[in-house]
Amino acid sequence: MAWRWWIVLLWAGAIVLLFRHLGDVPLRDWDEALVARVAEEISLRPFPTNLLPTLWDQPYLNKPPLLHALIGWAIGVWRHTAGSEGLRQVPPEWLVRAIPALGSSLIVPLVALVQSRLRPADRVATICTAAVALTLLPLMRHGRLAMLDGSLISAMALQWWALLSLPPTPSPTQRQGWGLVAGAAGSAILLLKAPTSLPLLVGACLLLAWERRWTPRQWIPLLVWIGIGLLPGLLWHGWHLLERGPEAFTMWGRQGLARVVSPIEGHSGGWIIPVLEVLEGGWPWLSLWPFAMLTALQQRRSRWGFWRLGLTLLTAAAVLPLRTQLPWYSHLLWPSFALSVGPLLAQLMQRSGGTSKLANRLLLVVPCFWIVVGAGLLAVRGQISVPGAVTIPVALALVVGGGLLTSPTLRWRQWGAAALIALLWCALFNLFANPIWLWELSEQWSVQPAAAWLEPLTSGGGPPPLLLQGNERPSLNWYLGQEVTTGSKARRQLRTSIQERLVLSTSDPSKPQLSCNRIEQAKQTSQRGPDLYRCKPS
């Protein structure tokens, strides 16, 4: 089978993983619920004013609207198909997540295409790079969410592929075509996470310039075509500035550059957060990464070694200095990780391509390590909370794959690599059939019972105003279709209001001047939610 068909097959495997039971769990706070609400408001407003995003009819200044607009288009098609019934329903979770999942799936073929430019003669390394990306838990798990990060790294990889596709002496047509693709990818990043776009593009161009393939005069036409490709993103930001004035800079300032110099909303931790995310999420491929970096250093004068080091440093420089850190910021690190590790998996199979016989022998320690870890996982599988349908395929992948990769016969080593990838894929397939794949939901009470309580109260003139005694929950707003008042504002309204209120609270909010009756009680769970009270002034 031609190597391109292997990439298509692995891409299909990614699509299956990303769409498996996609709508079985509710939307997550914060990002998913916010993305969904902005997308729904886009779907309800006419073009082109809907391209100036809003949240609860107020200007949304957090992120540009490319992904929100695509999700909004999908919601519009769904409402048109469902008719009047769809207008009364909350769009299903699978629909909100489908477009981000499809965008995230592109990282598998794109990272393989990037590798094919770095190692054009090594098709096995290209296939192995796509296989590593397919079996990385953070890539597949976060790619299933209605968030921007999966599509962001796909656009970043597209930009790398375009720049690396330029030959040493590009023709005007090649400069035009690949320059436009690189610029269009930059536009996509501008319309996903604006502050990330220019550092990534400038960094990739600097790496290209460092190779000293072209004279400055040859660079000018390429930069012009890249600039033309950037126009859609730049024009939207210019229009946004004209329409909304200085507040348009919020997504560049407070939501962008400010995260480099100060922690926002308590999300601190510095470089240690993304490092821990990589240490937790990179298995089993993390054990190959030190050998990959050592090989890259030894081969730094080759294009492959130079770009592996350069892209690793570029993405690390975009993530590690941030003072505001969230777990998914480390998503930018995974494409360069797959590019580094993929050739090492190929080297384990082929027993060639290393810098020395000693390096090849040291690399054989990794499959032996996998065998030990897999055997240990089989021994303790009953003592960990992860289902056996997940742990057993992982353990078998390490034992069987690692064992076959130590064979002196090439055909057995090839079967070992295939077994390793297939069983890791099966483990992810089983994980995503279980609600535990979105384990953050277990850290907070479920908002869906509270939303169900409000449905019978919507007859007639609608329910009384709803207050939440606690932290804001954007997912509750999404499922209710209204913005719920929370925090100090909710307490003030409850204290001063002269009208009836519905209150979600973990304790009875009654006061001398306020009479409250509990009308719904939360179920006893590990994260018990609030009860629903009807409160009237005494």
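Conventions and cut-offs
Residues numbered from 1 in each chain as written. Predicted model: local features only at pLDDT ≥ 70, side-chain atom pairs only at ≥ 80, totals over all residues. Heavy atoms only, no water. Helix = DSSP H or I, 4+ residues; strand = E, 2+ residues; numbered from the N terminus. Rg over C-alpha atoms; globule rule 2.2 N^0.38 Å. Buried < 20%, exposed > 50% of the residue type's maximum accessible area, 1.4 Å probe, protein only. Contact = heavy atoms within 4.5 Å. Areas by Shrake-Rupley, 256 points an atom, 1.4 Å probe, with all protein chains shown as cover. Lys, Arg positive; Asp, Glu negative; His and termini not counted. Charge placed at Lys NZ, Arg CZ, Asp CG, Glu CD. Pairing = 2+ DSSP bridges. Salt bridge = Lys/Arg side-chain N within 4 Å of Asp/Glu carboxyl O. Axes fitted to C-alpha atoms, helices over the stretch in contact; angles between N-to-C directions. Parallel < 35°, antiparallel > 145°, perpendicular 65-115°, else oblique. Nonpolar A, V, L, I, M, F, W, Y, C, P; charged D, E, K, R; others polar. Phe/Tyr/Trp six-rings, centres within 6.5 Å; stacked < 30°, edge-to-face > 60°. Lys NZ or Arg CZ within 6 Å of the ring centre and 35° of its normal.

**Concerning the overall build of the chain**
- Of the regular secondary structure elements, the chain holds 24 helices and seven strands.
- In terms of C-alpha radius of gyration, the chain reaches 26 Å, essentially the compact-globule figure of 24 Å for 538 residues.
- For the chain, the spread of C-alpha atoms along the principal axes amounts to about 85 × 60 × 45 Å.
- With 538 residues in all, the chain has 51% of them scored as buried.
- In the chain, 74% of the contacts between residues at least 6 apart in sequence involve partners at least 24 apart.
- Accessible surface for the chain amounts to roughly 24300 Å². Of this, 64% is attributable to carbon and sulfur atoms.
- Side chains of the chain give 45 positive and 26 negative charges; the mean places of these two sets differ by 13 Å.

**Some points on unusual backbone geometry**
- Asp29 connects to Trp30 through a cis peptide bond whose omega is -5 degrees.
- Along the chain, Trp30 turns up in the loop between helix 1 (3–19) and helix 2 (31–44).
- Looking along the chain, the bond that leaves Phe47 and enters Pro48 is cis, with omega of 5 degrees.
- Along the chain, Pro48 falls in the loop between helix 2 and strand 1 (54–55).
- Despite not being glycine, Trp56 has its phi angle at roughly 55 degrees, a positive value.
- Tracing the chain through its elements places Trp56 in the loop between strand 1 and strand 2 (58–59).

**With respect to the sheet that holds strand 6 (residues 514–520)**
- Here five strands make up an open sheet; going across it, the order is 4-3-5-7-6 and the pairing mixed. The open sheet is flanked by strand 4 (485–486) and strand 6, the only strands paired with a single partner.
- With six bridges connecting them, strand 6 and strand 7 (residues 531–537) associate as antiparallel partners. Among the inter-strand pairings, Ser515 is bridged to a residue of strand 7, identified as Lys536.

**Points about the pattern of salt bridges**
- Counting across every chain of the model gives 13 salt bridges.
- For Glu40, the salt bridge identified is with Arg37, shortest N-O distance 3.2 Å. On the criterion of helical spacing, the pair formed by Glu40 and Arg37 is a turn pair, its members being three residues apart in helix 2.
- You can call Arg37 buried: its relative accessible area is 14%.
- Each of Arg37, Glu40, Glu41 and Arg79 takes part in salt bridges that share partners, so that together they form one network.

**A word on the packing of helix 20 (residues 388–405) against helix 21 (residues 410–431)**
- Contact pair helix 20 / helix 21: the axes reach a minimum separation of 8 Å and the direction vectors enclose 170 degrees. Considering the angle they form, helix 20 stands roughly antiparallel to helix 21. Packed against helix 20, whose contacting residues are Ala389, Val390, Pro393, Val394, Leu396, Ala397, Leu398, Val400, Gly401, Leu404 and Leu405, the element helix 21 presents Trp412, Arg413, Trp415, Gly416, Ala417, Ala419, Leu420, Leu423, Leu424, Ala427, Asn430 and Leu431 at the interface.
- Class assignment of the residues belonging to the contact of helix 20 with helix 21 gives a composition of 19 nonpolar, three polar and one charged.

**Some remarks on the side chain of Thr129**
- The residue Thr129 is located in helix 7 (residues 123–134) in this model.
- For Thr129, a relative accessible area of 0% corresponds to the buried category.
- Residues within four places of Thr129 in sequence aside, it is in contact with Val111, Gln115, Ala338, Leu339, Gly342 and Pro343.

**As for the packing of aromatic side chains**
- In total, this model carries nine aromatic pairs according to the counting rule given.
- Ring centres 6.2 Å apart and planes at 90 degrees place the aromatic pair Phe306 and Trp307 in the edge-to-face group. Grouping residues by exposure puts Phe306 and Trp307 together as buried.
- When the ring of Phe432 is compared with that of Trp437, the centres are 6.1 Å apart and the planes differ by 85 degrees; the resulting orientation is edge-to-face. Taken individually, Phe432 and Trp437 each receive the classification buried, so the pair is uniform in this respect.
- Through a chain of ring-to-ring contacts, three or more aromatic side chains come together here, namely Trp210, Phe306 and Trp307.
- The cationic tip of Arg119 hangs over the ring face of Trp304; the distance from NZ or CZ to the ring centre is 3.9 Å.
- Of note, Arg144 hangs over the ring of Trp437, and the distance from its end group to the ring centre comes to 4.2 Å.

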